Amino acid sequence: MIKKILIANRGEIAIRVMRSCREMGIKSVAVYSEADRDSLHVRYADEAYLIGPAPSAESYLVIDKILQVAKQSGADAIHPGYGFLSENAELSDRCKKEGIIFIGPSSYAINTMGDKITARQTMQKADVPVVPGTTEPIIDVEDAVKVIKEIGLPVMIKASAGGGGKGMRLVRNEEDIVSSVNAAKSEAKASFANDAVYIEKYIDSPHHIEFQVLCDNHGNGVHLFERECSVQRRHQKVVEETPSPLMTPEVRAEMGKHAVAAAMAVNYSGAGTIEFIVDDDLNYYFLEMNTRLQVEHPITEEVVGVDLVAEQIRIANGDKLRFKQEELSQKGHAIEVRVYAEDPENNFMPNPGKIKYLSEPLGPGIRHDGYIYSGYEIPMHYDPMISKMIVWADNRQDAIKRMRRALSAYKLSGVKTSIPFLKKVMEAPDFVNGKYSTHFIEKNKDILHPDTQATDEENDLAAITAFLDFMNQQEKAAPPVSESEPRNYWKEFGRRKGVLRL
Ligand code: MV4
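None of these values were measured; they are calculated from a predicted model.

Trainee: Can you walk me through the domain arrangement of the protein in this structure?
Mentor: Accessible area lost on assembly of the parts is the figure often given for the size of an interface. The domain architecture assigned to the protein consists of domain 1 (4-103), domain 2 (132-201), domain 3 (207-448) and domain 4 (468-497). Using C-alpha coordinates to define each centre, domain 1 is positioned 23 Å away from domain 3. Between domain 1 and domain 3, the contact holds 34 residues from the first and 28 residues from the second. A buried area of about 2,300 Å², summed over both sides, lies between domain 1 and domain 3, and 60% of it is on carbon and sulfur atoms. On inspection of domain 1 and its partner domain 3, the count reaches 4 salt bridges. Across the pair Arg16 and Glu301 runs a salt bridge whose closest N-O atoms are separated by 2.7 Å. Across the domain 1-domain 3 interface, the total number found is 13 residue pairs in polar contact (both at pLDDT 80 or more). Sort the elements by how many residues they give to the side of domain 1 that touches domain 3 and helix 1 (residues 11-24) lands first, with 11 residues. Its residues assigned to classes, the side of domain 1 that touches domain 3 comprises 16 nonpolar, 9 polar and 9 charged.

What follows is the structure in structure tokens.
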């Protein structure tokens, strides 16, 4: 039985994993870089080890250091979280060699899904629908011209070693084919040291809908339904929800079966996600598989009632899946927003700095997966996501209302965040009506652009000015009765009628 887990990650996901460990009676081991001495995951763990300087290439990404700490601390398993080493086939293999349990899939599954051309071939064999296009690498540019004429324009040229929007090119005109294929190839070579590209028919204005799967090491696999992730900017997800407003019970059941088949085709183990693009007529196509726990996993947990991290650990321990497909169902509606330390008024530039004050929303149906605290200085070396706010309610409209409450009760000063932007998303008619695709942010950019936010200094000055004005008026109307009984103007100021805002 797994007794101690090393979490090879930082931030909110390290804490998220440790929470399940704590509930299961499993000890947790943190690793941290010099920039993370004051980070909460270090304090949350039972033990913590410094593994190197701030740059992740010298700390969180160094397999040797992670394995050394695992051995030194006597951890019997490693959880990689997301990002960093989470989809690194070498870590999976090295763990196996060292007799440490990797909480994730085999290197075979990671490599097969990581190479997008191999993944497409594997999916075709498993009868999972893929976007019409090529399943062999384009060697010759002349071949590309020929197949693109067969598929029909527009098309996407994608790097086999890419994914998540990296190394993609849209081609609309015949005269651009040769230059686009050549550009895609050289870009892929420079970014991934692999110039293999493939071609897909372009699906206009698609929805991004993904399915959560869990597979054990005994040949069992289930899906935990979908997540709608179409609210994205520059391939970064901003809002996720489940169920998808687009979905019907029939299509959901069919896509779920294909998602499980996709995972089974690579003998998957653990938690994984099958990404589909879906057009307005609900035609769906496999896009890629993420062989890790994802950022947005909590909305599935809220609606399906399963602790995905706990299930990952049980599967890695060799347990059989504890539920059958028929025993799983969706209840209510969940929405997640990602809060970034970035300035929506300044082209969403990262805005790291010290959190001066933080008050998190609480109450029915609110879950806040974060790692920041009042006085914490967000390091500039890592992802600018500071927390994820997740709400659950009985139905979609109530979930949106709950998210509006949560966002307005989220008080934070010191750094600029995407919260004002997220509030606008929750008011946008296309979102409220559930009628949106991956073009939502671009299509709604005029109404989503946030109002100018006051700086902390401007807010302080406004408060002081209002106070002085208030005190002057009070002194004129009713001066203090005596020196021995001074009036507390700050208290009176704070309790003025009609200005108390929570
Ligand atoms: C596409 C597509 C349209 N047609 N492939 C972007 C991320 C990467 N995983 C694949 N992506 C796309 N592939 C074909 N054949 C449109 C996108 C796409 C997209 C997909 C999911 C979520 C947001 C997106 C934003 C722009 C483009």
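Here the narrative resumes.
Trainee: Hey, could you run me through the pairing of strand 6 (residues 155-163) in this one?
Mentor: For a regular strand, the rule is simple: side chains alternate between the two faces of the sheet. Counted residue by residue, strand 6 has 8 buried out of 9 residues, so it is predominantly covered. Taking the residues that link successive antiparallel strands as the turn, the strand 6-strand 7 (residues 166-171) hairpin has 2 residues, and the phi of Gly164 there is positive, at about 60°. Across 5 bridges, the pairing between strand 6 and strand 8 (residues 197-201) is antiparallel. Its bridge partner lying in strand 8, Lys158 is registered against Tyr198.

Trainee: It is not clear to me how the packing of aromatic side chains should be interpreted in this structure. Could you clarify?
Mentor: Tallied over the full model, the rule gives 15 aromatic pairs. Between Phe470 and Phe493, the ring centres sit 5.5 Å apart and the planes meet at 55°, which makes this aromatic pair tilted. Taken together, the residues span a long stretch of sequence, with Phe470 in helix 17 (residues 456-477) and Phe493 in helix 18 (residues 489-494) at a distance of 23 residues. You'll find Phe470 and Phe493 in the same group, each marked buried. An aromatic cluster of three or more residues is present, and its members are Phe467, Phe470, Trp490 and Phe493. The aromatic ring of Phe431 is capped on one face by Arg396, whose charged end is 4.9 Å from the ring centroid.

Definitions and limits used
- Residues numbered from 1 in each chain as written.
- Predicted model: local features only at pLDDT ≥ 70, side-chain atom pairs only at ≥ 80, totals over all residues.
- Heavy atoms only, no water.
- Domains from an automatic or database assignment.
- Contact = heavy atoms within 4.5 Å.
- Buried area = accessible area lost by both parts, 1.4 Å probe.
- Salt bridge = Lys/Arg side-chain N within 4 Å of Asp/Glu carboxyl O.
- Polar contact = N/O pair within 3.5 Å; in protein donor to acceptor, adjacent residues only side chain to side chain.
- Helix = DSSP H or I, 4+ residues; strand = E, 2+ residues; numbered from the N terminus.
- Nonpolar A, V, L, I, M, F, W, Y, C, P; charged D, E, K, R; others polar.
- Buried < 20%, exposed > 50% of the residue type's maximum accessible area, 1.4 Å probe, protein only.
- Pairing = 2+ DSSP bridges.
- Phe/Tyr/Trp six-rings, centres within 6.5 Å; stacked < 30°, edge-to-face > 60°.
- Lys NZ or Arg CZ within 6 Å of the ring centre and 35° of its normal.

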